[in-house]
Amino acid sequence: VSTQSTWDIKLIMEGIQVTVCGGGNLAHASVACIGHHNPGTKINVLSRRPKLWGKCITAYTDKSSWKHKGLLQGKINKVSSSPADVVLGSKIIIIAGPSHIHGDLLRAVAPYVGENTWVGTVYGQGAFDLQARSIFGESLSKKNISIFALTNVPFICKIIEYGKSINIIGPKDHLYCASYPPEKVDEISNIVSLLYYIPTITIPNFLCITLTPSNQIIHPGRVIAIFKDWDGKSPFAPGEIPRLYDLDQESADEIQLLDDEIQAIKKAIVKNYPEIDLSQLMPIKERIIKQYSTQISDKSTLKTVFSTNKGYDILVFPTKPVPGGVILNLESRFFWEDIPYGLCILKHFGDVFGVPMPNTERIIKWHQRFMGVNFLDDYNNLANVHLTGAPLKYGYTTKEDLVATSLRKPTPKLQTEPKLQQQHQC
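Rules and cut-offs
Residues numbered from 1 in each chain as written. Predicted model: local features only at pLDDT ≥ 70, side-chain atom pairs only at ≥ 80, totals over all residues. Heavy atoms only, no water. Phe/Tyr/Trp six-rings, centres within 6.5 Å; stacked < 30°, edge-to-face > 60°. Helix = DSSP H or I, 4+ residues; strand = E, 2+ residues; numbered from the N terminus. Buried < 20%, exposed > 50% of the residue type's maximum accessible area, 1.4 Å probe, protein only. Pairing = 2+ DSSP bridges. Axes fitted to C-alpha atoms, helices over the stretch in contact; angles between N-to-C directions.

J.: It is not clear to me how the packing of aromatic side chains should be interpreted in this structure. Could you clarify?
T.: When we look at a pair of aromatic rings, we describe it by the centre distance and by the angle of the planes. With the rule as written, the count across this model stands at 16 aromatic pairs. Ring geometry for Phe227 versus Phe317: centroids 5.3 Å apart, planes at 85°, classification edge-to-face. Residue Phe227 is found in helix H8 (residues 215-227), and its partner Phe317 is found in the loop between helix H11 (302-307) and strand S13 (319-322); the two are separated by 90 residues along the sequence. Residue classification places Phe227 among the buried positions, given a relative accessible area of 1%. With relative accessibility at 3%, the residue Phe317 sits in the buried group. Between Tyr245 and Tyr312, the ring centres sit 4.2 Å apart and the planes meet at 35°, which makes this aromatic pair tilted.

J.: Hey, could you run me through the sheet that holds strand S4 (residues 72-75) in this one?
T.: Strand order in the open sheet formed by 4 strands is S4-S3-S10-S9, with mixed pairing between adjacent strands. A strand with exactly one partner marks an edge of an open sheet, and here the two such strands are S4 and strand S9 (155-161). Adjacent strand axes in the sheet meet at a mean angle of 25°, parallel and antiparallel pairs treated alike. Direction of pairing for strand S3 (residues 56-60) relative to strand S10 (residues 165-171): parallel, over a ladder of 3 bridges. Across the sheet, Thr58 pairs through a bridge with Ser165, a residue of S10.

Shown next as structure tokens:
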């Protein structure tokens with residue numbers, strides 16, 4: 001955990017203004033957690049439904065490893081659907097929505113972000129750094145705006161009553177944070193530690209987040225293993241669909257195949273840019289054990305790391321009711337986030353760095369059958385890039401483009417005074 005910061009950290013406790021953008025589970029839980037642990041912080045919320053929000057958010061923790069904390073309550077300073085009302089004056093902007101709406105939220109807040117501000121997300125999947133760099137442009141340097149993201153969400157959570165209460169299920173033991181510029185990561189990691197009251201570990205760069213083996217491979221691997229023969233219409237009886245993370249061996253194998261391709265990309269990047277530290281880009285089994293260490297009872301295999309993880313206990317597949325039962329919800333984030341803003345980004349990295357991606361391609365093509373849009377053409381080239389988060393969308397097409405935000409500035413060498421020849425006094 002970082003120990004150095006150029007910020008006056010006491011500001012977090014003494015009235016600094018934070019804006020949380022989004023109206024979903026993570027936005028609710030962030031308000032409750034940040035407000036509870038930092039009662040002096042002014043919390044604004046940017047939401048499409050401001051009238052449904054109360055004056056505070058209550059988080060229930062009794063079904064989690066945080067149950068000793070009791071209720072978490074965070075007061076809200078202001079809620080609005082207008083960015084100008086809630087962003088002006090904030091020193092920390094937190095994007096708390098899924099990856100596929102990050103761009104919309106960033107474009108909405110960008111005109112109102114002031115100087116010396118941190119703009120980040122609690123979930124960095126989707127090449128958040130490249131997206132933010134494209135949207136903010138020269139404002140990043142002119143206004144000294146810095147970007148940050150967490151590798152994984154601080155907790156798994158579920159809204160109880162919209163705008164009022166949230167259930168926190170699986171809080172992380174540690175958070176992992178990257179920044180752009182990467183030299184500022186100590187500063188923001190200290191701030192995140194205080195905001196969420198979870199020890200936050202610095203990671204070297206955004207590549208460790210963009211390529212992390214998380215939802216972008218877990219959900220697609222699990223979905224194809226369970227629904228590979230499904231026609232997209234036939235209903236399932238209630239209870240017929242297994243719990244989301246109670247993995248069978250086939251699901252574990254599919255996830256592992258995708259993870260192997262990520263590790264191949266890592267190897268290619270390090271070969272081309274040995275100065276880039278990707279040590280935190282861990283294989284998936286190792287990553288989950290590190291983040292949920294105390295909540296996993298059997299760490300022997302990838303399958304058991306999922307199925308015996310208390311933080312994953314009650315999570316289910318996204319479904320919707322239909323006559324005769326339920327079907328997989330084809331409009332869920334499992335499709336519209338994890339494919340265009342997950343696997344398509346990995347595919348682009350593979351293409352640029354010359355890494356074969358046969359399993360990524362196979363699973364993208366299976367999912368796109370149900371989405372009404374092709375993200376890969378018949379020759380496995382990316383298609384409809386404007387609907388994805390692939391860096392190609394922003395004009396980033398070279399190796400240099402993809403690693404630019406992860407390169408640290410060279411440390412200036414200390415200059416030593418030249419030795420002077422001894423002079424004799426007359």
